[in-house]
Amino acid sequence: MASQTNFLLHAFVLLALATTAFSLSPKFYDKICPQALLAIKKIVQAAVHKERRMGASLLRLHFHDCFVNGCDGSLLLDSTSTFESEKNARGNLNSVRGFEVVDQIKVEVDRVCGRPVVSCADILAVAARDSVVVLGGPTWKVRLGRRDSTTAIRTLADSLLPSASMDLPALINNFKNQGLNQRDLVALSGGHTIGLSQCSIFRNRIYNATNIDPAFANERRATCPRTGGNTNLAPFDPTPARFDTAYFKNLVKQRGLLTSDQALFNGGSSDKLVKTYSLNPEAFWDDFAKSMIKMGNIKPLTGKQGQIRVNCRKGCDGSLLLDSTSTYETEKNARGNLNSVRGFEVVDQIKAKVDKLGGPTWKVRLGRRDSTTANRTLADSVLPSASMDLPALINNFKNQGLNKRDIVALSGDHTIAFSQRGIFRFGL
């Protein structure tokens, strides 16, 4: 009996551990959109060749996304009236960057796929891998199939992102909370072999630390004064545009830029691994790839969870309801909407009634957030036209993830209401 119980318990644990692994797959887009990964790769290559620092920026976006409630693209969301963006968290504000590149990738991927099927969370995971490869680092098979969150939690980002001032015990605990061990900590910290940091982040170390090479401290002080110059940049190691082991060699020489960097080689339990990586690039590359895969598996949204965003900065968002302002033109003025869409007063009445009653009384899947802007030109290009034939309609609906049955069923809403003469004249 005990043996059977142990077997069932063991099987249950294995099933629980395997859930994430089997819900994500490197082949997820092979049939849905086989062109997706190549499209991402081309834009990442162009962006990094244009600005070498961008590789580190894209890698960091994936890291900072995964550490806050899992790899769900929540870092990409702009603030709304209901939540504050994670971009405003202490570890991100005026620091994380590369959002424009992610936007470019999303537009191109949706174009080649014919519809929005690739999540923003997956774009971050693939872009991180491709950035490392462009800068001379290892490659790995990114597990795919993540879906995007519908919200962001700035306060959670404040509490979960590792700080540049952390010592080794704090770092170990921080990574442990994400299901990552000490080897993962050291390997992933090796991502600092590319990129730059701001003076305000490493100032305290170069002026007050005792475990720092004096010559290195003086070198960094030249561009990072005691006051001012907060955004002045300095490289983590001598080769910030090449993915190598110079970062670990620096740590052995007490030339780590951040307190959290040098904490990895400061007489503690991680010293041996740092030394190994400094002498053995293959060991570092192998562990870095494994740890990136492991980090990419942190609490992904899969199946019907979350959403696939059309815009990585927002989701299904009620943008059509917004009137024009001094900064954008309303989508009501788009060709498919102008002098045509109506019912806004009813929406206003419903909103007022729902707010008064506290909630709806019908089964509608809820959780959408309202946009902070509108895109009239996008509305011009994606709304179906009254003059479309069947192939055009099929393609138009396919771009929204809808099939032929959806077209016919949704077109059935024309069983009510009216149309204007200007729209159906040429059909007479």
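Basis of the calculations
Residues numbered from 1 in each chain as written. Predicted model: local features only at pLDDT ≥ 70, side-chain atom pairs only at ≥ 80, totals over all residues. Heavy atoms only, no water. Helix = DSSP H or I, 4+ residues; strand = E, 2+ residues; numbered from the N terminus. Buried < 20%, exposed > 50% of the residue type's maximum accessible area, 1.4 Å probe, protein only. Contact = heavy atoms within 4.5 Å. 1 Å grid on protein atoms, 1.4 Å probe; cavity = no way out; pocket = protein on both sides within 12 Å on 5 of 7 lines; lining within 4 Å. Points joined across faces, edges and corners; volume = space filled by probe spheres on them. Nonpolar A, V, L, I, M, F, W, Y, C, P; charged D, E, K, R; others polar. Phe/Tyr/Trp six-rings, centres within 6.5 Å; stacked < 30°, edge-to-face > 60°. Lys NZ or Arg CZ within 6 Å of the ring centre and 35° of its normal. Expected span 1.5 Å × (residues − 1). Arc of directions from axis to C-beta. Polar contact = N/O pair within 3.5 Å; in protein donor to acceptor, adjacent residues only side chain to side chain. Disulfide = S-S within 2.5 Å.

S.K.: Just give me the short version of the overall build of the chain, but keep the residues and values in it.
M.R.: If you tally the helices and strands in the chain, you get 19 helices and two strands. For the chain, with 428 residues in total, the buried portion stands at 41%. Within the chain, contacts between residues at least 6 apart in sequence are counted, and of these 74% link residues at least 24 apart.

S.K.: Now, about unusual backbone geometry: what can you tell me, with residues and values included?
M.R.: Although it is not a glycine, Gln254 adopts a positive phi angle of roughly 60 degrees. Position of Gln254 among the secondary structure elements: in the loop between helix 11 (246–252) and helix 12 (259–262). The phi torsion at Lys299 lies on the positive side, around 45 degrees, for a residue other than glycine. Mapped onto the elements of the fold, Lys299 is located in the loop between helix 14 (281–296) and helix 15 (344–357).

S.K.: Describe the layout of surface pockets, with residues and values.
M.R.: Reported here for the second largest pocket is a volume of approximately 1,000 Å³. Arg60, His64, His192, Phe236 and Leu258 are, among the 47 residues lining the second largest pocket, the residues nearest its centre. Taken together, the elements giving at least two residues each to the lining of the second largest pocket come down to helix 3 (53–66), helix 6 (154–160), helix 7 (168–176), helix 8 (182–189), strand 1 (196–198), helix 9 (199–208), helix 12 and helix 14. Of the residues that constitute the lining of the second largest pocket, the class distribution is 23 nonpolar, 17 polar and seven charged.

S.K.: Tell me about the packing of aromatic side chains, and name the residues and values.
M.R.: Summed over the entire model, instances satisfying the criterion amount to 12 aromatic pairs. Considering the side-chain rings of Phe248 and Phe284, the 4.9 Å spacing of their centres and the 75 degrees angle between planes classify their relative orientation as edge-to-face. Here Phe284 lies in helix 14 and Phe248 lies in helix 11, a separation of 36 residues in the sequence. A relative accessible area of 0% places Phe284 in the buried class. Taking the centre distance of 5.5 Å and the plane angle of 50 degrees together, the rings of Tyr277 and Phe284 count as tilted. Members of the aromatic cluster, connected to one another through ring pairs, are Trp140, Phe243, Tyr247, Phe248, Tyr277, Phe284 and Phe288. Of note, Lys87 hangs over the ring of Phe99, and the distance from its end group to the ring centre comes to 4.2 Å. It is Lys332 that lies over the ring of Phe344; its NZ or CZ is 4.3 Å from the centre.

S.K.: Can you lay out helix 2 (residues 36–50) for me, pointing to particular residues and giving the numbers?
M.R.: Taking 1.5 Å per residue, 15 residues should reach 21 Å; helix 2 reaches 22 Å between its end C-alpha atoms and fits that length. Turning to helix 2, its buried residues number three or more, namely Ala36, Ala39, Ile40, Ile43, Val44, Ala47 and Val48. Along helix 2, the residues classed as buried sweep out an arc of 155 degrees about the axis, all on the same side. Set apart from the buried face of helix 2 by more than 90 degrees, the exposed residues are Lys42 and His49. Close packing links the buried residues of helix 2 with helix 3, helix 4 (99–113) and helix 5 (120–134).

S.K.: So what's going on with empty space enclosed by the protein? Which residues, and what values?
M.R.: Taken as a whole and assessed by the stated rule, the structure comprises one cavity of 30 Å³ or more. A volume near 80 Å³ is recorded for the largest cavity. In this structure, the largest cavity is lined by His62, Ala125, Trp140, Lys141, Val142, Arg143, Arg146, Met292, Ile293, Gly296 and Asn297. Ranked by the residues each element gives to the lining of the largest cavity, the list is headed by helix 14, at three residues. Across the lining of the largest cavity, the residue classes break down as five nonpolar, three polar and three charged.

S.K.: Describe the side chain of Ser95, with residues and values.
M.R.: As for its position among the elements, Ser95 is in the loop between helix 3 and helix 4. Within the structure, the side chain of Ser95 is placed 2.6 Å from the side chain of Arg60, a separation counted as a polar contact. Those residues in contact with Ser95 that sit more than four places away from it in its chain are Arg60 and Gln198.

S.K.: An account of the state of the cysteines is needed here, citing residue identities and associated values.
M.R.: Across all of its chains, the model carries four disulfides by this definition. The disulfide partner of Cys120 is Cys312, and the S-S distance across this bridge is 2.1 Å. Its S-S torsion of approximately -95 degrees makes the covalent link between Cys120 and Cys312 left-handed. Here Cys312 lies in the loop between helix 14 and helix 15 and Cys120 lies in helix 5, a separation of 192 residues in the sequence. Between the sulfur atoms of Cys199 and its disulfide mate Cys224 the distance is 1.9 Å. The chirality of the disulfide connecting Cys199 with Cys224 is right-handed, given an S-S dihedral of about 75 degrees. Linking Cys199 in helix 9 with Cys224 in the loop between helix 10 (214–221) and strand 2 (233–235), this pair joins segments that are 25 residues apart in sequence. The buried category is assigned to Cys199, whose relative accessible area is 0%. Of the residues examined, Cys224 reaches a relative accessible area of 0% and is grouped as buried. Sequence-ordered numbering of the bonded cysteines in the chain yields a pairing of 1-4, 2-3, 5-8, 6-7.

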